[in-house]
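Fold and geometry: a report
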Amino acid sequence: MELGFTAGIAAIVLLGVLGQLLGHAVRVPSIIVLLALGLLAGPVLGLVDPDALLGDALFPLVSMAVGLLLFEESLKLDFRRLHGGARRPVLGLVTTGAVVTGVCATVLAQLVFDLPFSRAAVIGAILIVSGPTVVGPLLAVIRPKQPLESVLAFEGIFIDPIGATVALSMVHLALHNSGVGLGTTAVVGILTGLVAAAVYLVVVRFGRVPSSTHVALGVAVALAAFAAAESVGEESGLWATTALGVALANQTWVSLEALHEFGSHVGMLLIGSLFIVLSARIDLDALVRYTSGTLVLLVFLVLGVRPLAAGLATMRTVLSRRERAMVAWMAPRGIVAASTASVFALQFDDAGKPFPALVPIVFGVVLFTAIVYGGTGPLVARLLGVRAAELEPMDDDGVPREIPDRS
């Protein structure tokens with residue numbers, strides 16, 4: 001029995017929140033519970049059909065919600081946290097590491113699933129992204145030493161717009177034999193985000209805006225920046241909201257305490273609802289059909305690609321051998337991978353060139369990496385001895401509440 005609009009929306013939000021609470025209670029990554037609930041509500045029981053509920057507005061709303069999530073996560077990227085030489089490994093992971101991951105994942109997808117190179121490249125590019133919605137909660141449990149914690153947290157957020165932009169270029173290459181300018185997409189988004197940050201700071205600093213309205217204003221500015229950037233270049237919106245959050249996180253004129261509160265509440269609603277919506281759209285038969293191939297891909301990603309990418313990216317940095325090993329064992333995928341796969345699959349359908357393997361393969365990787373890293377991450381960190389001896393006060397996303405003085 002399919003639920004109506006009001007009941008369907010309520011069910012999505014309720015399942016999204018309950019899934020995260022249940023994951024926290026049983027100490028498993030909430031993404032696993034959310035995906036299971038989404039599959040149950042969607043293809044198994046047929047209670048929720050996101051396409052019928054939201055129609056053509058589904059994917060624009062999903063994209064905007066992902067943009068808000070990146071804004072919320074990037075508000076934590078205070079560069080003062082990149083102490084102890086963390087900048088170099090982060091830069092290596094989002095450049096060298098991204099290239100190695102994308103190329104290797106492309107080759108593997110082509111070999112394992114017998115795909116044309118252009119379509120395998122779409123999967124490879126999507127798998128570049130990590131997942132702050134998964135990495136953050138894991139860091140809160142693992143509580144690694146500095147600068148390791150900063151390296152993993154910054155990589156998880158910065159890599160998402162990079163991977164999404166590269167994936168968009170591969171989609172255009174597959175459909176139209178022409179790529180999208182990565183540089184142009186990034187520049188448009190970053191400039192839009194910086195302008196939006198300036199507007200927010202001026203209004204808050206000189207406009208006598210009550211502190212109780214800072215969150216509403218921040219959300220409005222983030223959505224406006226996303227929409228403005230997207231109107232100029234597709235996927236520029238993710239760059240815009242990320243740049244907006246980073247710019248605000250690194251200024252000293254306005255307190256961000258209220259905006260950080262936004263993340264702990266609205267962020268929870270967005271993450272839960274997005275995972276329920278996207279997993280409810282999965283073709284269960286297709287997911288099962290591609291499971292064996294996805295498991296083969298996963299083995300190579302976990303045991304080969306990530307260690308290679310992390311090893312090259314963190315070579316000759318301040319990270320110790322044990323810390324580099326921990327970086328090599330932390331590459332879950334999250335909501336950005338799932339949402340971009342869903343959006344791009346629709347683009348293939350609209351172009352009359354369906355790509356039925358895209359969503360089940362990517363969702364399979366999202367699910368299995370959450371199980372692997374969520375189930376073993378704390379144990380591996382303990383065995384490697386990279387957990388902090390004195391636990392810093394952290395929020396639920398694994399971010400220190402106060403910037404430690406390590407001068």
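The coordinates are above.
As the structure is a computational prediction, the values presented were derived from the model and not from experiment. (Residues numbered from 1 in each chain as written. Predicted model: local features only at pLDDT ≥ 70, side-chain atom pairs only at ≥ 80, totals over all residues. Heavy atoms only, no water.)

Regarding the overall build of the chain
In terms of helices and strands, the chain carries 18 helices and zero strands. Taken over the C-alpha trace, the chain has a radius of gyration of 20 Å; the compact-globule value for 407 residues is 22 Å, and the two agree within 12%. For the chain, the proportion of its 407 residues judged to be buried stands at 55%. Of the contacts made within the chain by residues no fewer than 6 positions apart, 82% connect residues no fewer than 24 positions apart. Carbon and sulfur atoms form 65% of the exposed surface of the chain, whose accessible area is close to 17000 Å². Across the chain, the 24 positively charged side chains and the 28 negatively charged ones have centroids separated by 12 Å. (Helix = DSSP H or I, 4+ residues; strand = E, 2+ residues; numbered from the N terminus. Rg over C-alpha atoms; globule rule 2.2 N^0.38 Å. Buried < 20%, exposed > 50% of the residue type's maximum accessible area, 1.4 Å probe, protein only. Contact = heavy atoms within 4.5 Å. Areas by Shrake-Rupley, 256 points an atom, 1.4 Å probe, with all protein chains shown as cover. Lys, Arg positive; Asp, Glu negative; His and termini not counted. Charge placed at Lys NZ, Arg CZ, Asp CG, Glu CD.)

Digging into the packing of helix 16 (residues 321-328) against helix 18 (residues 358-384)
It is the contact of helix 16 with helix 18, at a shortest axis distance of 10 Å, that shows an interaxial angle of 170°. The angle between helix 16 and helix 18 falls in the class roughly antiparallel. Within the contact between the two elements, helix 16 uses Arg 322, Ala 325 and Met 326 and helix 18 uses Gly 377, Val 380, Ala 381, Leu 383 and Leu 384. (Axes fitted to C-alpha atoms, helices over the stretch in contact; angles between N-to-C directions. Parallel < 35°, antiparallel > 145°, perpendicular 65-115°, else oblique.)

Description of helix 4 (residues 58-74)
Along its 17 residues, helix 4 runs 24 Å from first to last C-alpha, staying within 8% of the 24 Å computed at 1.5 Å per residue. The element helix 4 is largely enclosed, with a buried count of 13 among its 17 residues. (Expected span 1.5 Å × (residues − 1).)

Re the nonpolar core
Counting residues in hydrophobic clusters, the biggest one holds 123 residues, and the most contacted among them are Ile 126, Leu 248, Met 326 and Leu 358. With 14 residues, helix 9 (residues 148-176) is the largest single contributor of residues to this core. Not counting chain neighbours up to four residues away, the residues in contact with Leu 248 comprise Phe 71, Leu 75, Ala 197, Tyr 200, Leu 201, Leu 256 and Leu 259. (Core = buried A, V, L, I, M, F, W, Y, C linked by side-chain atoms within 4.5 Å.)

Some thoughts on the packing of aromatic side chains
Under the criterion given, the structure shown has four aromatic pairs. Ring centres of Phe 154 and Phe 158 lie 5.9 Å apart, and the angle between their planes is 65°; this geometry places the pair in the edge-to-face category. Of this pair, Phe 154 and Phe 158 both sit in helix 9, four residues apart, roughly one helical turn. The same class applies to Phe 154 and to Phe 158, which are both buried. Positioned above the aromatic ring of Phe 355, the side-chain terminus of Arg 119 is 5.0 Å from the ring centre. (Phe/Tyr/Trp six-rings, centres within 6.5 Å; stacked < 30°, edge-to-face > 60°. Lys NZ or Arg CZ within 6 Å of the ring centre and 35° of its normal.)

Quick notes on the side chain of Thr 340
Structurally, Thr 340 can be placed in helix 17 (residues 335-350). A polar contact of 3.1 Å, which involves the side chain of Thr 340, links it to the backbone oxygen of Ala 337. Discounting residues that sit within four places of it in the chain, Thr 340 has contacts with Ile 126 and Ala 164. (Polar contact = N/O pair within 3.5 Å; in protein donor to acceptor, adjacent residues only side chain to side chain.)

Focus on helix 12 (residues 236-249)
Here helix 12 is 14 residues long and its end C-alpha atoms lie 20 Å apart, about the 20 Å a rise of 1.5 Å per residue gives. Burial analysis of helix 12 places 13 of its 14 residues in the buried class, which makes it a mostly covered element.

Notes on the environment of Leu 270
Along the chain, Leu 270 turns up in helix 13 (residues 257-280). Under the relative-accessibility criterion, Leu 270 is labelled buried at 17%. Once the C-alpha coordinates of Leu 270 and Ala 65 are considered, the two residues, 205 residues apart in sequence, prove to be 6.5 Å apart. Residues within four places of Leu 270 in sequence aside, it is in contact with Ala 65, Leu 68 and Leu 69.

Focus on the pattern of salt bridges
When their charged atoms lie close together, side chains carrying opposite charge are able to pair. Considering all chains together, one arrives at two salt bridges under this definition. Here Arg 281 makes a salt bridge to Asp 51, at a shortest N to O gap of 2.8 Å. With Arg 281 in the loop between helix 13 and helix 14 (284-289) and Asp 51 in helix 3 (residues 50-54), this pair connects stretches of sequence that are 230 residues apart. The residue Glu 155 makes a salt bridge to Arg 306 at a minimum N-O spacing of 2.9 Å. Separated by 151 residues along the polypeptide, Glu 155 in helix 9 and Arg 306 in helix 15 (residues 291-313) bring together distant segments of the chain. (Salt bridge = Lys/Arg side-chain N within 4 Å of Asp/Glu carboxyl O.)

Quick notes on unusual backbone geometry
Note the cis peptide between Gln 146 and Pro 147, where omega equals 5°. Its place among the elements puts Pro 147 in the loop between helix 8 (132-142) and helix 9. Residues other than glycine seldom take positive phi values, yet Arg 143 does so here, at roughly 50°. Turning to its location among the elements, Arg 143 is positioned in the loop between helix 8 and helix 9. Assessed through its relative accessible area of 22%, Arg 143 is described here as partly exposed. A positive phi angle is found at Arg 316, which is not glycine, with a value near 55°. Here Arg 316 lies in the loop between helix 15 and helix 16.

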